[in-house]
Amino acid sequence: MTRRAAEIRLDALLRTACDVIVERGLANTRTADVAQAAGVSQALVFYHFATKERLLAQAFAYAVEQDLARLDAVTRSSAPPLTKLRRILKLYTPAGRATSWSMWIDGWSESLRTPEMEKVSRRLDLRWRQDLAAVIAAGVADGTFECADPDGAAWRISAVMDGLAVQLAVHERVISRRQFGEWVRLVAARELGLDPVVLD
C-alpha cells in the first residue's frame, strides 16, 4: 500500500469511526463495530490504531478538528474583533442534530476514565479558549471591548456556552436555540462592556 493510499484509508476509517461513535457512543463503540462499518478487517483497524483507546481518541480528535478548522477560518480572517466574536458565538451554537456537540459531550465524559482521551480533549478544548481570548485581547487593544482580563473572560464565556450547549444538545425543549443565543450574547456583552444588541 502506498503512503497516499494508507492516508486515504486512515481518513476513511476515522470518518467511519466518527459515524459509529455518534450512533453508539464512545463507551459502547468496539473496534469490531468500526471494522464492520468500514468493510475492513479488525486487524486493519488495529494496524492503524494499535488499541481501541487510541482509535477512539483519534476519532474524537478528527471530529473536533473539523470544528477547529472553522474556528481557525474565523480567527485568521481579516475581520475586526467584533465580527470575529459574533462568528465564534454562532459557531458554538449547537445546530441540527448537534452531532459535533454529541462528540464533545461524549468526549468529556470519557475523559474522566481514559487518560488518552483526556489528553486529546484538554488540548482541543483549550484551543477554543485561547482563540477566544486572543480575539478578546485584540478587541481590547483596538478599543472595541473593555475587559481587564481577556483570558478570564474567555473562560467565563466558554463555561456558559458549554453549559447551555449541553442542555440544548441533550435535553430536548429545555431551552431553545433563541434563548441560547440571547443568554450567550448577554454574558459576552457584560464581560466585554458591550450592548448585547451589537452581538446579534
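Residues numbered from 1 in each chain as written. Predicted model: local features only at pLDDT ≥ 70, side-chain atom pairs only at ≥ 80, totals over all residues. Heavy atoms only, no water.

Looking up the chain in an unreviewed UniProt entry gives the name TetR/AcrR family transcriptional regulator, with the organism given as Micromonospora profundi.

1. Digging into the overall build of the chain
The cut-off we apply is this: Secondary structure elements follow DSSP: runs of H or I no shorter than four residues count as helices, runs of E no shorter than two count as strands, and numbering proceeds from the N terminus. For this analysis, residues touch if any pair of their heavy atoms sits within 4.5 Å. For every accessible area listed, the method is Shrake-Rupley and the probe measures 1.4 Å; residues are considered covered only by the protein chains on display. For the purpose of counting charges, residues Lys and Arg are taken to be positive, whereas Asp and Glu are taken to be negative. His and the chain ends are not included. In this description, the location of a charge corresponds to atom NZ of lysine, CZ of arginine, CG of aspartate or CD of glutamate.
When helices and strands are counted, the chain shows 9 helices and 0 strands. N-terminal to C-terminal, the α/β element order of the chain is α-α-α-α-α-α-α-α-α. Principal axes of the C-alpha set define a box for the chain whose edges measure 55 × 40 × 25 Å. Here the contacts in the chain between residues at least 6 apart in sequence split such that 63% fall between residues at least 24 apart. Taken as a whole, the chain presents about 10,700 Å² of accessible surface, with 52% of it coming from carbon and sulfur. One finds the centroid of the 27 positive side-chain charges in the chain at a distance of 4 Å from the centroid of its 25 negative side-chain charges.

2. Observations regarding the UniProt feature "DNA-binding region" (unreviewed entry) in the chain
Under the convention used in this document: UniProt positions are given in the numbering used here, feature names are shortened, and annotations may be inferred rather than shown by experiment.
UniProt feature "DNA-binding region" (unreviewed entry): in the numbering of this structure it lies at residues 30-49. Annotation note: span residues 30-49, helix share 80%, strand share 0%, distance between end C-alpha atoms 13 Å.

3. Points about the side chain of S158
As a reminder, the rule being used: Think of it in three bands: residues with accessible area under 20% of the maximum for their type are buried, residues over 50% are exposed, and the middle band is partly exposed, with areas taken using a 1.4 Å probe on protein chains only. Two N or O atoms form a polar contact when they lie within 3.5 Å of each other; inside protein one atom must be a possible hydrogen donor and the other a possible acceptor, and for residues adjacent in sequence the pair counts only when both atoms belong to side chains.
In this fold, S158 is placed in helix α8 (residues 150-170). Classification of S158 as buried rests on a relative accessible area of 1%. A distance of 2.8 Å separates a polar side-chain atom of S158 from the backbone oxygen of A154. Setting aside anything within four residues of it in sequence, one finds S158 in contact with Y92, R129 and L132.

4. Observations concerning the packing of aromatic side chains
Two numbers describe a pair of aromatic rings. These are the distance of the centres and the angle of the planes. For clarity, the cut-off: A pair of aromatic rings is counted whenever rings of Phe, Tyr or Trp (Trp by its six-membered ring) have centres within 6.5 Å, and the orientation is called stacked for planes under 30 degrees apart, edge-to-face for over 60 and tilted otherwise. Ring-over charges, as used throughout, are those where CZ of Arg or NZ of Lys falls within 6 Å of the ring centre and within 35 degrees of the ring normal.
With the rule as written, the count across this model stands at 3 aromatic pairs. Ring centres of F60 and W104 lie 5.8 Å apart, and the angle between their planes is 85°; this geometry places the pair in the edge-to-face category. Here F60, found in helix α4 (residues 52-75), pairs with W104, found in helix α6 (residues 99-111); they are 44 residues apart in sequence, far enough to count as distant. Connected via pairs of aromatic rings, a cluster forms that spans F60, W104 and W108. Here R129 stacks its cationic end above the ring of W155, 5.3 Å away from the centre of that ring.

5. Some remarks on helix α3 (residues 42-49)
Test applied: Directions pointing from the helix axis toward each C-beta atom define the arc.
For α3, the set of buried residues is L44, V45, H48 and F49. End-on, the buried residues of α3 take up no more than an arc of 115°, which puts them together on one face. Within α3, the exposed residues directed more than 90 degrees away from the buried face are A43 and Y47. Following α3 by one or two positions, A50 has its phi on the positive side, about 70°.

6. Some thoughts on α4
The condition that has to hold: To estimate the expected span of a helix, count its residues, drop one, and scale the result by 1.5 Å. At any given residue, the bend is defined as the angle formed between two axes, one fitted to the seven residues that end at that position and one fitted to the seven that begin there.
Relative to the 34 Å expected for 24 residues at 1.5 Å per residue, α4 spans 34 Å between its end C-alpha atoms, a close match to the ideal helical length. The largest bend along α4 reaches roughly 25° and is located at E65.

7. What to know about the side chain of D67
Its location among the elements puts D67 in helix α4. Here the side chain of D67 touches W104 through a polar contact of 3.1 Å, side chain to side chain. Beyond its immediate sequence surroundings of up to four residues, D67 is in contact with S100, W104 and W128.

8. Remarks on the packing of α3 against α4
Note the cut-off: To define axes, lines are fitted to C-alpha atoms, for helices over the stretch in contact only, and angles between the resulting N-to-C directions are given on a 0 to 180 degree scale. Roughly parallel covers angles under 35 degrees, roughly antiparallel covers those over 145, roughly perpendicular covers 65 to 115, and oblique covers all other angles. Gly is placed with the polar residues, together with every amino acid not listed as nonpolar (Ala, Val, Leu, Ile, Met, Phe, Trp, Tyr, Cys and Pro) or charged (Asp, Glu, Lys and Arg).
Two elements in contact, α3 and α4, have axes separated by 9 Å at closest approach and are oriented at 70°. With respect to each other, α3 and α4 are oriented roughly perpendicular. Facing V45, F46 and F49 of α3, the residues of α4 in contact are K52, R54, L55 and Q58. For the contact of α3 with α4, the class distribution of residues is 4 nonpolar, 1 polar and 2 charged.

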